[in-house]
Amino acid sequence: MELGSDVRRVRIAFLPTPVVEMRRLSEELGGPRILVKRDDQTGLATGGNKARKLEFLIADALDQGADTVLTVGGPQSNHARQTAAAAAMYGLRSVLVLSGSDPGEWNGNLLLDDLLGAKVRWAGDTPLDEALTAAAKEEEKAGHRVYVIPLGGSTPVGATGYVVAMAELKSQLDELELQVDAGVLPTGSGGTQAGMLVGAKALGFPGQIVGISVFADRSTMVPILKELAPSTAEFLGLDVAFDDGDFVLYDDYLGQGYGVLGAPEREAIRRVARSEAILLDPVYTGRAMAGLLDLIGKGVFHAGQTVLFWHTGGTSALFEYAEGLT
Ligand SMILES: *Cc1c(COP(=O)(O)O)cnc(C)c1O
């Protein structure tokens, strides 16, 4: 049976997303061969990886009779923007609890949140999880049926999107008669990597799944992955087992912290734009590509190999970072 085919799902993303080769970049580097999986092209109000998770999360919300989806993130959250978009597609209200306070000028993802009809609530000094709980209570008091999506949609339901995505990738690679030695992706809240790990195990995918953390160090993120991967497998009734070696995550590229654009991200974004006409984003894929380039420089990945870079989206945040990018 097809992976995840018995889980309720709505159609949101344009699938399959293309797999293309970064020919010029690979050449400039003298190898490895670099492929890219274009999940920036999932189509959901400028695309990104959350579209895959939301196919399962929105289905679950509808199943539970919700009229409102509620989630959290930073002011430039791609997850919040895609949640607002997916909610609009299915006639649900979206309420976004964003960290900090109103910046006054609404640009990038925040502009899109507004266009998509989201109700934005600023958390101010309140920790995000507390602000989320408070918002849920208020919305319920006002008579709404609320479906809460935690940070990044990284629940077993959301991560299912990436279990299924691995099956999609495998059939594309089979058709192209290609094998990859590694799949490299940015890791934030962990659901994408956890889902891929489950899919890889279930399918016997030969390549290693390599996360580049953009958000927190290994001591925070590895336990999250170690919890979420088996719980996602259990949710899907998959009999797979993990060992420590499965959880590959680099935390060397956190720079000045989450969402802070530094020279490595800027250079990676500019380089890939000029060599491939592919736009990376300032928070996730710019950082992950900077990590990949560094790992290639160090010989962790080498000329004889094929590496797949998973472009998870986020380009609508570029404009908000214009000053730091030029
Ligand atoms: C959310 C996000 C990620 C990280 O996905 P997680 O499942 O939270 O680890 C990566 N790239 C982009 C562009 C994102 O918006």
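Owing to the predicted nature of the structure, the values given are computational and were not obtained by experimental measurement.

### Digging into the sheet that holds strand 8 (residues 208-213)
Then comes step 1: Strand order in the open sheet formed by 6 strands is 1-2-10-7-8-9, with mixed pairing between adjacent strands. Either end of the sheet is taken by a strand with one partner, and the two such strands are strand 1 (19-21) and strand 9 (248-250). Pairs of neighbouring strands in the sheet enclose a mean axial angle of 30°, with direction left out of account.

### Thoughts on the packing of helix 6 (residues 156-176) against helix 8 (residues 218-235)
Then comes step 1: Following both chains from N to C, one finds helix 6 and helix 8 inclined at 85°, their axes separated by 9 Å at the closest point. Judged by the angle between their axes, helix 6 and helix 8 are roughly perpendicular. Where helix 6 approaches helix 8, its residues Pro156, Val157, Ala159, Thr160 and Val163 are matched on the opposing element by Leu228, Ser231, Thr232 and Phe235.
Then comes step 2: Grouping the amino acids of the contact of helix 6 with helix 8 by side-chain chemistry returns 6 nonpolar, 3 polar and no charged.

### Considerations on the nonpolar core
Then comes step 1: Formed by 53 residues in total, the largest nonpolar core has its most connected members in Ile12, Leu54, Ile58, Val69, Met166, Leu169 and Trp310.
Then comes step 2: For this core, the element with the highest residue contribution is helix 6, accounting for 8 residues.
Then comes step 3: Each of domain 1 (19-48 + 155-325) and domain 2 (50-153) contributes no fewer than three residues to this core.
Then comes step 4: With sequence-adjacent residues up to four places away left out, Val69 is seen in contact with Ile58, Ala61, Thr83, Ala87, Leu92, Arg93, Ser94, Val95, Tyr147 and Ile149.
Then comes step 5: Membership of the second largest hydrophobic core comes to 33 residues, among which are Val248, Ile269, Val272 and Ile296.

### Section: unusual backbone geometry
Then comes step 1: Backbone torsion omega between Leu15 and Pro16 reads -5°, so that peptide bond is classified as cis.
Then comes step 2: Mapped onto the fold, Pro16 is located in the segment before strand 1.
Then comes step 3: The omega angle of the peptide bond from Gly31 to Pro32 is 0°, so this bond is cis rather than trans.
Then comes step 4: By the secondary structure assignment, Pro32 is in the loop between helix 1 (23-29) and strand 2 (33-38).

### What about the side chain of Asp246?
Then comes step 1: Note that Asp246 resides in the loop between helix 8 and strand 9.
Then comes step 2: At a separation of 3.1 Å, a polar atom in the side chain of Asp246 contacts the side chain of Lys201.
Then comes step 3: At a separation of 2.7 Å, a polar atom in the side chain of Asp246 contacts the main-chain amide nitrogen of Asp243.
Then comes step 4: In contact with Asp246, other than residues within four places in its own chain, are Leu197, Lys201, Ile209 and Ala241.

### Some points on helix 9 (residues 263-276)
Then comes step 1: Here helix 9 contains 14 residues, and its C-alpha end-to-end distance of 20 Å stays within 8% of the 20 Å for a straight helix at 1.5 Å per residue.
Then comes step 2: Considered for burial, the residues of helix 9 that qualify are Glu265, Ala268, Ile269, Val272, Ser275 and Glu276. Viewed along the axis of helix 9, the buried residues span an arc of 150°, placing them on a single side of the element. Along helix 9, exposed side chains directed more than 90 degrees from the buried face belong to Glu267 and Arg274.
Then comes step 3: Close packing links the buried residues of helix 9 with strand 1, helix 1, helix 10 (285-297) and helix 11 (322-325).
Then comes step 4: Directly after helix 9, the chain includes Ala277, whose backbone phi takes a positive value near 55°.

### A short note on the environment of Tyr284
Then comes step 1: Relative to the helices and strands, Tyr284 is located in the loop between helix 9 and helix 10.
Then comes step 2: Each residue touching Tyr284, except ones within four places of it in the same chain, is listed here: Asn78, Pro186, Gly188, Val214, Tyr258 and Thr312.

### Some details on the packing of aromatic side chains
Centre distance and the angle of the planes are the two values used to describe a pair of aromatic rings.
Then comes step 1: For the structure on display, the rule yields 5 aromatic pairs.
Then comes step 2: With 6.0 Å between their ring centres and 70° between their planes, Tyr258 and Tyr284 make a pair best called edge-to-face. Of this pair, Tyr258 sits in the loop between strand 9 and helix 9 while Tyr284 sits in the loop between helix 9 and helix 10, and the two are 26 residues apart along the sequence.
Then comes step 3: Residue class for Tyr258 comes out partly exposed when judged on its relative accessible area of 38%.
Then comes step 4: Three or more aromatic residues link up through ring pairs in this structure, and these residues are Phe215, Tyr258 and Tyr284.
Then comes step 5: Above the face of the Tyr284 ring, Lys50 is positioned so that its terminal group lies 5.7 Å from the ring centre.

### Remarks on the domain arrangement of the protein
Then comes step 1: In terms of domain boundaries, the protein breaks down into domain 1 (19-48 + 155-325) and domain 2 (50-153).
Then comes step 2: The straight-line distance from the C-alpha centre of domain 1 to that of domain 2 is 24 Å.
Then comes step 3: Contact with domain 1, which involves 28 residues of that partner, is made by 24 residues of domain 2.
Then comes step 4: Taken over both partners, the interface formed by domain 1 and domain 2 buries close to 2000 Å², and the fraction arising from carbon and sulfur atoms is 61%.
Then comes step 5: Sorting the residues of domain 1 by area buried against domain 2 places Leu44, Val157 and Glu320 first, and these three jointly supply 26% of that buried surface.

### With respect to the site of the ligand
Then comes step 1: Looking at the ligand, there are 16 residues lining it, with Lys50, Lys53, Ser189, Thr192 and Thr312 nearest.
Then comes step 2: Within the side chain of Ser189, a nitrogen or oxygen atom sits 2.5 Å from an oxygen atom of the ligand.
Then comes step 3: Between the ligand and Gly191 there is a distance of 3.3 Å, counted from an oxygen atom to a backbone nitrogen or oxygen.
Then comes step 4: Its atoms largely coinciding with the cavity grid, the ligand occupies the largest pocket.
Then comes step 5: Residues that form the shell around the ligand fall into these classes: 2 nonpolar, 12 polar and 2 charged.
Then comes step 6: Of the residues that make up the shell around the ligand, three or more belong to each of domain 1 (19-48 + 155-325) and domain 2 (50-153).

Reading the values: the criteria
Residues numbered from 1 in each chain as written. Predicted model: local features only at pLDDT ≥ 70, side-chain atom pairs only at ≥ 80, totals over all residues. Heavy atoms only, no water. Pairing = 2+ DSSP bridges. Helix = DSSP H or I, 4+ residues; strand = E, 2+ residues; numbered from the N terminus. Axes fitted to C-alpha atoms, helices over the stretch in contact; angles between N-to-C directions. Parallel < 35°, antiparallel > 145°, perpendicular 65-115°, else oblique. Contact = heavy atoms within 4.5 Å. Nonpolar A, V, L, I, M, F, W, Y, C, P; charged D, E, K, R; others polar. Core = buried A, V, L, I, M, F, W, Y, C linked by side-chain atoms within 4.5 Å. Buried < 20%, exposed > 50% of the residue type's maximum accessible area, 1.4 Å probe, protein only. Domains from an automatic or database assignment. Polar contact = N/O pair within 3.5 Å; in protein donor to acceptor, adjacent residues only side chain to side chain. Expected span 1.5 Å × (residues − 1). Arc of directions from axis to C-beta. Phe/Tyr/Trp six-rings, centres within 6.5 Å; stacked < 30°, edge-to-face > 60°. Lys NZ or Arg CZ within 6 Å of the ring centre and 35° of its normal. Buried area = accessible area lost by both parts, 1.4 Å probe. Near = heavy atom within 4 Å. 1 Å grid on protein atoms, 1.4 Å probe; cavity = no way out; pocket = protein on both sides within 12 Å on 5 of 7 lines; lining within 4 Å. Sits in = over half its atoms within 2 Å of the grid points.

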